[in-house]
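Residues per chain, in single letters:
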Amino acid sequence: MTIQQADYLVVGGGTAGPALAARLAEDPGTSVLLLEAGGELTQREALAPALWPLTLGSAIDWQYRTEPQPGLGGRRVPWPRGRVLGGSSALNLGGWIRGNAADYDAWAGFGGPGWSWEALLPLYRRIEDSGRGPAPWRGTGGPLRLRAAGPGGRLWDALELALEQAGFGGRTDVNGPRQEGVDTQEMIFVDGERITPAAAYLSLAHRNAAGGNLAVRTGVRVLGLLFDGDRATGVRALDAAGREVRFHAGREVVLAAGAIGSPQLLLLSGIGPAERSRALGLPVRVDLPGVGGNLHDHLRVPVTGRAAPGTTDLPAPLPTPENLRRWERHREGPLRDLAGGGVAFLRTDPELAAPDVEFLLGTGADQDHPDRAGYLVAPVLLQPHSRGRLRLASADPLAAPLLDPGYLTDPRDLPVLVAGVRAALRTTEQPALRPWTAERNLPADASDALIEAHVRATADTVFHPVGTARIGHPDDPDAVVDPELRVRGVRGLRVADASVIPVITRGHTMAPSLLVAERAADLIRGADRTPGPRAGRTDDRTDDRTDGRTKENHR
Ligand SMILES: Cc1cc2nc3c(=O)[nH]c(=O)nc-3n(C[C@H](O)[C@H](O)[C@H](O)COP(=O)(O)OP(=O)(O)OC[C@H]3O[C@@H](n4cnc5c(N)ncnc54)[C@H](O)[C@@H]3O)c2cc1C
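Not measured: the values here are computed from a predicted model.

## Observations regarding the overall build of the chain
Broken down by element type, the chain carries 13 helices and 26 strands. On C-alpha atoms alone, the chain measures out to a radius of gyration of 23 Å, which is about the 24 Å that the 2.2 N^0.38 rule sets for 555 residues. Contacts spanning at least 24 positions in sequence make up 70% of the contacts within the chain whose residues lie at least 6 apart. Accessible surface, the chain: about 20400 Å² in total, of which carbon and sulfur atoms supply 51%.

What follows is the structure in structure tokens.
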């Protein structure tokens, strides 16, 4: 059995994990070992922005799906998650939308003033290298390059005008002081290629510290935590060859395995609802009822229109030999970015203080009829009240957990989505979109009953599960981690990823996941005097890999 150790073990080389590992490794006297179940990110489907749909269901996707959802007519919803260095941000649509300042002030209710918007904005600015240039609310010069999505063509212009005609328009920076309005959003696609946060931060670590104190091990599937009394001291895992390996942390273990992986590892280690642990034959280490609870996600409902035949506005981003050649040689052609996309944020009720609905907007060749231009105005329920739970299916660490987000179980959610669909239909009726609307997937004058049926039949995930190990104060019975991200009842163990998010933001979840990593780094560095033996530099020399750039990036 191989045993390796470092001061800090970070489990999960997805979005949050590499950023945290890289920040911790800024101290050259600290050793950090980052463990990732998947491999290096080399897949063209992930690196060429427009090919992202081909990653779904592929070898770099964990390929989860929810339990049957009564709120969605009993459907099981596929939940892709990245299983590769870069994690879910290797599969995602790349949009950088932080959410509303009010969301973070709500977090402060769970975690104290350190989680307020005022406290967190400097961390966002530290992350970002925005192509939009300096502004008080935006960062430039940070590790994560953000660049505008490609131009959208005539149909995009018509859609933007229709939003204005419907009363939802007005250009804005959705990450700026006024979230309401339309934006083409900034993305992690740079010069025609996806640069994941993992790639950005790991190459930064390499430049800063020449990488000697940070090691990245891919192909390592962590199975559970190791303890000495009430202290987490390491993890046991399977390596790429299927051998059992153990890794030891001189100081701390940090779980960054995502909103599914992190609670799964806690539960497998006997940290969770005691009754359930016992029922599965697992030891009860800490009775923490909140582990796996508070699971929630964003739902979207497709409202689509398409124009008459012969109206294609943009070339279809298909992996034809010609398109692939253009992308591979010069990062050019329709695969180089997600053209014709954007978002709008709106309030379906003017009395609301902040947006309750986002429109995901898309324009281009219709998927089913490539000679026809088509568009999408998909309302997203930004602040769902419904909550579900992640449970272990068995004590087998390799078994997929049971995922029940409880979509639409709270009666307050459906009416907001219905209002969102109405707002989308209103947009499709505006003069600017008339020439582009020969057909819709719903009649413009649909009844509430028809819209509700449409929601239940077609609503889909925006791929944003969060909240399964949420932050809370010591007197909060459902809190899993304290405001410093330490798992309750255990020493030497934190969680730092989308799991700790107490309430989902009115935005997308890559940004807040990375924010959690930056805050975790500050918290850990501030807590540097916690007792525990120093392990010195990383012992594992064979697999050192600190340059996060993929082979393609080297070109
Ligand atoms: C298809 C898709 C589209 C999306 N689009 C957007 C978007 O446009 N904008 C946006 O903001 N967000 C988007 N998201 C969501 C966003 O990408 C995630 O919320 C975010 O990346 C979560 O970060 P994380 O670090 O918590 O988890 P992840 O990035 O999922 O990282 C977790 C990592 O842990 C690893 N891991 C898990 N279990 C183990 C284990 N037992 N042992 C070792 N390693 C393990 C995983 O392989 C993975 O690499 C999208 C997600 C998907 C899937």
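## Describing helix H5 (residues 153-165)
Since the α-helix packs 3.6 residues into each turn, any two residues three or four apart lie on the same face. Given a rise of 1.5 Å per residue, 13 residues ought to cover 18 Å, and the 19 Å separating the end C-alpha atoms of H5 matches this to within 8%. Taken from the residues just after H5, Gly 167 is the one with a positive phi, measuring 95°.

## Some details on helix H10 (residues 413-428)
Compared with an ideal rise of 1.5 Å per residue, which puts 16 residues at 22 Å, H10 spans 23 Å between its outermost C-alpha atoms and is within 8% of the ideal. Those residues of H10 not exposed but buried are Asp 413, Leu 414, Leu 417, Val 418, Gly 420, Val 421, Ala 423, Ala 424, Leu 425, Thr 427 and Thr 428.

## Some remarks on the side chain of Arg 519
With respect to the helices, strands and loops of the structure, Arg 519 is situated in helix H12 (residues 510-526). The buried charged residue Arg 519 lacks any salt bridge partner; its closest oppositely charged side chain belongs to Asp 522, at an N-O distance of 5.8 Å. Ignoring anything within four residues of it in the chain, the contact list for Arg 519 reads Gly 114, Trp 115, Leu 120, Leu 123 and Pro 483.

## Thoughts on the environment of Pro 143
Residue placement: Pro 143 occurs in the loop between strand S5 (128-130) and strand S6 (144-148). Distance in space between the C-alpha atoms of Pro 143 and Gly 12 is 19 Å, their sequence separation being 131 residues. With residues near it in sequence (within four places) discarded, Pro 143 still touches Arg 23, Arg 126, Ile 127, Ala 200, Tyr 201 and Leu 204.

## Some details on the site of the ligand
The ligand sits among 37 residues. The nearest are Thr 15, Glu 36, Ser 88, Thr 509 and Met 510. Gly 82 is positioned with one of its backbone polar atoms (N or O) 3.2 Å from an oxygen atom of the ligand. Met 510 places a polar main-chain atom, nitrogen or oxygen, 2.8 Å from an oxygen atom of the ligand. Within the residue set of the shell around the ligand, elements represented by two or more residues are strand S12 (221-228), helix H7 (258-268) and H12. Residues belonging to the shell around the ligand are distributed by class as follows: 16 nonpolar, 16 polar and five charged.

## Section: the packing of aromatic side chains
Considering all chains together, one arrives at nine aromatic pairs under this definition. Residues Tyr 104 and Trp 117 carry aromatic rings whose centres are separated by 5.3 Å and whose planes lie at 40° to one another, so their mutual orientation is tilted. In this pair, Tyr 104 is assigned in helix H3 (residues 101-111) and Trp 117 in helix H4 (residues 117-127), connecting sequence segments 13 residues apart. Judged on exposure class, the residue Tyr 104 and its partner Trp 117 are both buried. Ring centres 6.1 Å apart and planes at 50° place the aromatic pair Trp 117 and Tyr 124 in the tilted group. Here the two residues Trp 117 and Tyr 124 agree in accessibility, since each one is buried. A network of ring pairs unites the aromatic residues Trp 96, Tyr 104, Trp 107, Trp 115, Trp 117 and Tyr 124 as a single cluster. Above the face of the Trp 62 ring, Arg 83 is positioned so that its terminal group lies 4.1 Å from the ring centre. Here Arg 519 stacks its cationic end above the ring of Trp 115, 4.8 Å away from the centre of that ring.

## Focus: empty space enclosed by the protein
Within the structure shown, the criterion is met by three cavities of 30 Å³ or more. Contributing to the lining of the largest cavity are His 296, Asp 297, Leu 299, Leu 381, Pro 384, Ser 386, Pro 405, Gly 406, Tyr 407, Leu 408 and Asp 413. Class assignment for the residues of the lining of the largest cavity results in six nonpolar, three polar and two charged. Of the residues that make up the lining of the largest cavity, three or more belong to each of domain 1 (1-44 + 82-140 + 197-297 + 385-405 + 464-555) and domain 2 (150-184 + 299-381 + 408-458).

About the criteria used
- Residue numbers here run from 1 along each chain, matching the order of that chain's written sequence.
- Thresholds applied to this predicted model are a pLDDT of at least 70 for local features of residues and 80 or more for the giving and counting of side-chain atom pairs; totals over whole chains, interfaces and linings are not thresholded and use all residues.
- For side-chain calculations, the full set of non-hydrogen atoms in the structure is used, while hydrogens and water are omitted.
- Numbering goes from the N terminus for both helices and strands, where a helix is a DSSP run of H or I of at least four residues and a strand is a run of E of at least two.
- The reference for a compact globule is 2.2 Å times residues^0.38; the radius of gyration itself is calculated from the C-alpha atoms.
- Note on contacts: a residue pair is in contact if any heavy atoms of the two residues lie within 4.5 Å.
- Per-residue and other accessible areas were derived by the Shrake-Rupley procedure at a 1.4 Å probe size, with only the shown protein chains allowed to occlude residues.
- Multiplying one less than the number of residues by 1.5 Å gives the expected span of a helix.
- Each residue is placed in one exposure class: buried if its accessible area under a 1.4 Å probe, protein chains only, is under 20% of its type's maximum, exposed if it is over 50%, and partly exposed if it falls in between.
- Counting rule applied: Lys, Arg positive; Asp, Glu negative; His and chain ends not counted.
- Between Lys or Arg on one side and Asp or Glu on the other, a salt bridge is scored when a side-chain nitrogen of the former is within 4 Å of a carboxyl oxygen of the latter.
- Put simply, a residue is near a molecule or strand once any heavy atom of it comes within 4 Å of that molecule or strand.
- Within 3.5 Å is the distance limit for a polar contact, defined as a pair of N or O atoms, with the added protein rule that one can donate a hydrogen and the other accept it, and that residues adjacent in sequence qualify only through two side-chain atoms.
- Under the convention adopted here, Pro, Cys and the residues Ala, Val, Leu, Ile, Met, Phe, Trp and Tyr are nonpolar, Asp, Glu, Lys and Arg are charged, and Gly plus all remaining residues are polar.
- The aromatic pairing rule takes the rings of Phe, Tyr and Trp, using the six-membered ring of Trp, and pairs them if the centres are within 6.5 Å, calling planes under 30 degrees apart stacked, those over 60 edge-to-face and the rest tilted.
- Distance and angle both matter: a charge sits over a ring if NZ of Lys or CZ of Arg is within 6 Å of the ring centre and within 35 degrees of the ring normal.
- Points on a 1 Å grid over protein atoms alone make up a cavity when a 1.4 Å probe fits among them but cannot get out, and a pocket when they form an open set with protein on both sides within 12 Å along at least five of seven lines; lining residues each have an atom within 4 Å of a point.
- Grid points are joined across faces, edges and corners, and a volume is the space filled by probe spheres set on the points.
- Domain boundaries shown here were taken from an automatic or database domain assignment.

Just geometry here; none of it tells us what the structure is for.
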